[in-house]
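# Structure at a glance
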Amino acid sequence: MRKARRPAATALAIALALQLGAAVPAAAADITATAGYENGNSPLNLTQIARYTSGQFNVDGGVMEIVAYNRANSFAYAINGQSGLLAAISLENLAAGSSVARLSGTDIDVKALVEAADSSFRYGDMTSVAVSPDSATLAAALQAEGYNDAGRVALFTCNSDGTLTLKGLVETGVQPDMVTFADNNTVLTADEGEPREGYGDGIADPRGSVTVVNVSAFTSEVVGFDAFDGRRDELAASGVVLKKGVNPSTDLEPEYIAVSGGKAYITLQENNAIAVLDLTSRTFDGIYSAGFEDYGVTSVDIDKKDDAYAPKTYGSLMGIRMPDGIAAFQVDGKTYLVTANEGDAREWGDEDLGTFYLNEDERDFGDEGVTSPTGAITAENSGLTGKVVFFKSGDFDGLDTGKDYLFGGRTFTLYEAGADGLTEVFTSGDDFEALTAQYLPDYYNCSNDNAVVDDRSGKKGPEAESVTVGTVDGRTYAFVALERTGGVMVYDVTEPASAQYVNYINTRDFASVVEGSEEYEDGELDKWVTGGDVAPEGLLFLDASVSPTGEALLLAACEVSGTVAVYQVGGAALSVLPFTDVDARDVQAVRYVCVSSLMAGISADRFDPNGTLTRGEAVATLWALEGRPVVNYLMTFSDVDPAASYGEAVRWAASQGIAGGYGGGLFGPDDPITREQLAVMLYRYARHEGYDTAQGGMAIREFGDFAQISGYALEAMTWVVEAGVLTGLDGALAPGQAATRVQTAQALLALSQIAE
């Protein structure tokens, strides 16, 4: 079992200062902002310029969920699903800078406003919010307390100070899950109608629907799917996934809506489909399959045990896209749709009442004789040793009985919408996994409730959650949020059939833990909330013409961290660090040592990551980590000048037994420090701090040059490797090789994460 490591107090304090916009040393101010990994190399730069923090977090999500913006009063409105309140966040006077602005907000009790106006409505939950194009009206989707009862749309006027005045309530279908404006006078809700009480005799499975609301008249029409009950076989044959024995009018579950050209396009997530609603006739033109990912062609990583990106193809394996978010745009008079192919299981009911249902089929390939549902994938022919969650396809129509299926597609897809349905023109393939593995090798496919590498590979990978589109400098871009790994992928979709990846930004602070978020299982840290912006749930693009800064912005409501991130889209490049020579994968470590004042660049724009570090400089980093104490100790090294920059550091290290000399009264402060010498210092410092330095000694023996470790360094090298403080280089330990500056930075970051 991989043990999670909790950051030391020093690292946590620094991380929180960065996250919350708290005061940091002036020298660090220019590196607090986070930028896209491809800034400066991409036609579109992304830079975080602000963050709102609700002060709440939840490992299971559901805090900040959906965000809308009113350009008339410069307020963003974000749903807090945990408190049930609507946060009004002022973006007035917001400006881009090299540090992240801390935004303030005021909570609005929508429930109290609604219940005061209509005591007959049993308020359950607020799920979505939208603002009309003319900024005259804010609409909030409200679900009833009873799972099978009609919901409401609450219509408000937004006041100049951000407060709301209720104009009226309009009835919707059951469980309105998303709300949007088709125009200034038309509101649409996706009424999900989930079977939350499970399945069984006498238990209702409410019908899914789309509600069309007339804003000025306060009237509505609930449009259901009854017309498709007679076409069930046709839908299933086309790849629409339907639970056996259930009519489409009951089984179809609307999730998200995009509007373009007089049509509403509705994702039916659990059914792997998109419905098209004509807004004039209020009838559905059709329901179309969202398609599948073929993992016999496109590689996918479903091995969560190897702690690495290991994509393979599997001839029997398919991904059911099951899109969540959807967006629409037009090119040359044609409508195109973009979907975030998340995947979603049905998990409803109560085990004690016998109504529980789950359509996941988890197989542990570490157990003897386990295969995929079809038997085509085995531990022997795949090399898998961990758990993989398959779709329980035997309970559903619309699937090939000779195939194995996974939830979701780990992709986004572009479709052209025409009179005859939808035509797929582009899908992102294995991009999301390959790119996040490149940028975040230590956190690849981690979840949003931990930072364990590979944790989600056996399930839905990075999990594309939501998507929006926007135009910058004449080019159209799709922004896709990754719920689990975090961050936003950006593609140029100006020419839909040849869409191109352009940038990725992730403002999650993987190395920190938000205090109080830790959950333990069997004595091990099992779940926790990392710092920064975790689990983007809802995205909103603000065109430069309506943005309060005059530059295009992207807002991301993040449901685990309880934050709303504000990114500038376009504009001049801002490096993730002021250094131009630091690779993306090393940014976190370099940021840590710089902000902590443990190390510094060799110039204003160079860190010199591959440069060597001297023994004196190495000791100075640990001395700085300790708080630069002054000790009363007679130092006997003849080659150490007490007045040198490292003089007091060597005096302290020698007095504590953290660093020794060569013998003969020599320390060698200007000699390059070797990797094994660095390991010894780090090990001794860890023991000095009281860290657990117990070791098994097996992992280090896997390296081919294990025998080259000097005797005095064997114990230390064993510990630093097993603890993940020092890693191998292309399969070798290279104990006698000079340690580089970036290797030292990585080691110091890892050391800060060792459990106290």
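Read on for an overview of the structure. Computed from a prediction, not measured in an experiment: that's the story for all the values here. (Residues numbered from 1 in each chain as written. Predicted model: local features only at pLDDT ≥ 70, side-chain atom pairs only at ≥ 80, totals over all residues. Heavy atoms only, no water.)

## Comments concerning the pairing of strand β14 (residues 219–223)
Where strand β13 (residues 209–214) meets β14, five bridges bridge the pair, whose relative direction is antiparallel. Residue Val-213 lies in a different strand from β14, and its bridge partner there is Ser-220. Counted along the chain from β13 to the antiparallel partner β14, the turn is four residues long, and its residue Phe-218 has a positive phi close to 55°. (Pairing = 2+ DSSP bridges. Helix = DSSP H or I, 4+ residues; strand = E, 2+ residues; numbered from the N terminus.)

## Notes on the packing of helix α7 (residues 587–595) against helix α12 (residues 741–752)
Viewed as axis vectors pointing N to C, α7 and α12 meet at an angle of 75°, and their least axial separation amounts to 8 Å. Regarding the angle of α7 to α12, the classification is roughly perpendicular. Counting all contacts with α7, which are made through Gln-588, Ala-589, Val-590, Tyr-592 and Val-593, the residues of α12 involved are Val-742, Ala-745, Gln-746, Leu-748, Leu-749 and Ser-752. Class assignment for the residues of the contact of α7 with α12 results in eight nonpolar, three polar and no charged. (Axes fitted to C-alpha atoms, helices over the stretch in contact; angles between N-to-C directions. Parallel < 35°, antiparallel > 145°, perpendicular 65-115°, else oblique. Contact = heavy atoms within 4.5 Å. Nonpolar A, V, L, I, M, F, W, Y, C, P; charged D, E, K, R; others polar.)

## Thoughts on the environment of Val-222
Take Val-222: it is sitting in strand β14. For Val-222, a relative accessible area of 45% gives the class partly exposed. It is 34 Å that separates the C-alpha atoms of Val-222 and Thr-106, two residues lying 116 residues apart in sequence. Those residues in contact with Val-222 that lie beyond four places of it in its chain are Thr-172, Gly-173, Asp-191, Ser-209, Val-210 and Thr-211. (Buried < 20%, exposed > 50% of the residue type's maximum accessible area, 1.4 Å probe, protein only.)

## Considering the packing of helix α10 (residues 675–689) against helix α11 (residues 714–722)
Look at α10 against α11: their axes get within 8 Å of each other, and the N-to-C directions meet at 75°. The orientation of α10 with respect to α11, classified from their angle, is roughly perpendicular. Of the residues in α11, those in contact with Arg-675, Glu-676, Ala-679, Val-680, Leu-682, Tyr-683, Ala-686 and Arg-687 of α10 are Glu-715, Ala-716, Met-717, Trp-719 and Val-720. Of the residues assigned to the contact of α10 with α11, the class counts are nine nonpolar, no polar and four charged.

## Concerning the state of the cysteines
Summed over the entire model, instances satisfying the criterion amount to zero disulfides. We note that Cys-446 lacks a disulfide partner, and the nearest cysteine sulfur, in Cys-558, lies 14 Å from it. What makes Cys-558 buried here is its relative accessible area of 2%. (Disulfide = S-S within 2.5 Å.)

## Quick look at the sheet that holds β14
Overall, antiparallel pairing links the four strands, which are arranged β11-β12-β13-β14 in an open sheet. Lying at the two open borders of the sheet, with one neighbouring strand each, are β11 (176–183) and β14. Neighbour-to-neighbour, the strand axes of the sheet open up by a mean angle of 20°, direction not taken into account.

## Side note on the nonpolar core
Membership of the largest hydrophobic core comes to 97 residues, with the highest contact counts inside it found for Val-593, Leu-622, Leu-682, Met-717, Val-720, Val-725 and Leu-751. Considering every element that reaches this core, the biggest residue donor is α10, with eight residues. With sequence-adjacent residues up to four places away left out, Leu-751 is seen in contact with Leu-622, Leu-625, Leu-682, Tyr-685, Ala-686, Tyr-691, Trp-719 and Val-725. Counting residues in hydrophobic clusters, the runner-up holds 34 residues, among them Ile-266, Leu-277, Ile-287 and Leu-337. (Core = buried A, V, L, I, M, F, W, Y, C linked by side-chain atoms within 4.5 Å.)

## Some details on the pairing of strand β18 (residues 273–278)
Along β18, six of the six residues are buried, which leaves the element largely enclosed by surrounding structure. The alternating pattern of β18 places Ala-273, Ala-275 and Leu-277 on one face and Ile-274, Val-276 and Asp-278 on the opposite face, and all of these are buried. Here six bridges tie strand β17 (residues 263–268) to β18, and the two strands are oriented antiparallel to one another. Note that in β18 the partner of Lys-263 across the bridge is Asp-278. Where β17 hands over to β18, the hairpin turn is made up of four residues, of which Asn-272 adopts a positive phi near 55°. Counted along the chain from β18 to the antiparallel partner strand β19 (residues 283–289), the turn is four residues long, and its residue Arg-282 has a positive phi close to 60°.

## Regarding the pattern of salt bridges
Across all of its chains, the model carries 27 salt bridges by this definition. For Glu-234, the salt bridge identified is with Arg-231, shortest N-O distance 3.1 Å. Note that Asp-251 is salt-bridged to Arg-346, the shortest N-O span being 2.7 Å. Of the two residues, Asp-251 is situated in helix α4 (residues 248–251) and Arg-346 in the loop between β23 (334–341) and β24 (347–348); the sequence distance between them amounts to 95 residues. What makes Asp-251 buried here is its relative accessible area of 0%. (Salt bridge = Lys/Arg side-chain N within 4 Å of Asp/Glu carboxyl O.)

## Points about a negative patch on the surface
On the surface, a cluster of negative charge is contributed by Glu-347, Asp-350, Glu-351 and Asp-352. Within the secondary structure, Glu-347 sits in strand β24. (Patch = residues over 30% accessible without salt bridge, like charges linked within 9 Å, V, L, I, M, F, W, Y side chains within 5 Å. Areas by Shrake-Rupley, 256 points an atom, 1.4 Å probe, with all protein chains shown as cover. Lys, Arg positive; Asp, Glu negative; His and termini not counted. Charge placed at Lys NZ, Arg CZ, Asp CG, Glu CD.)

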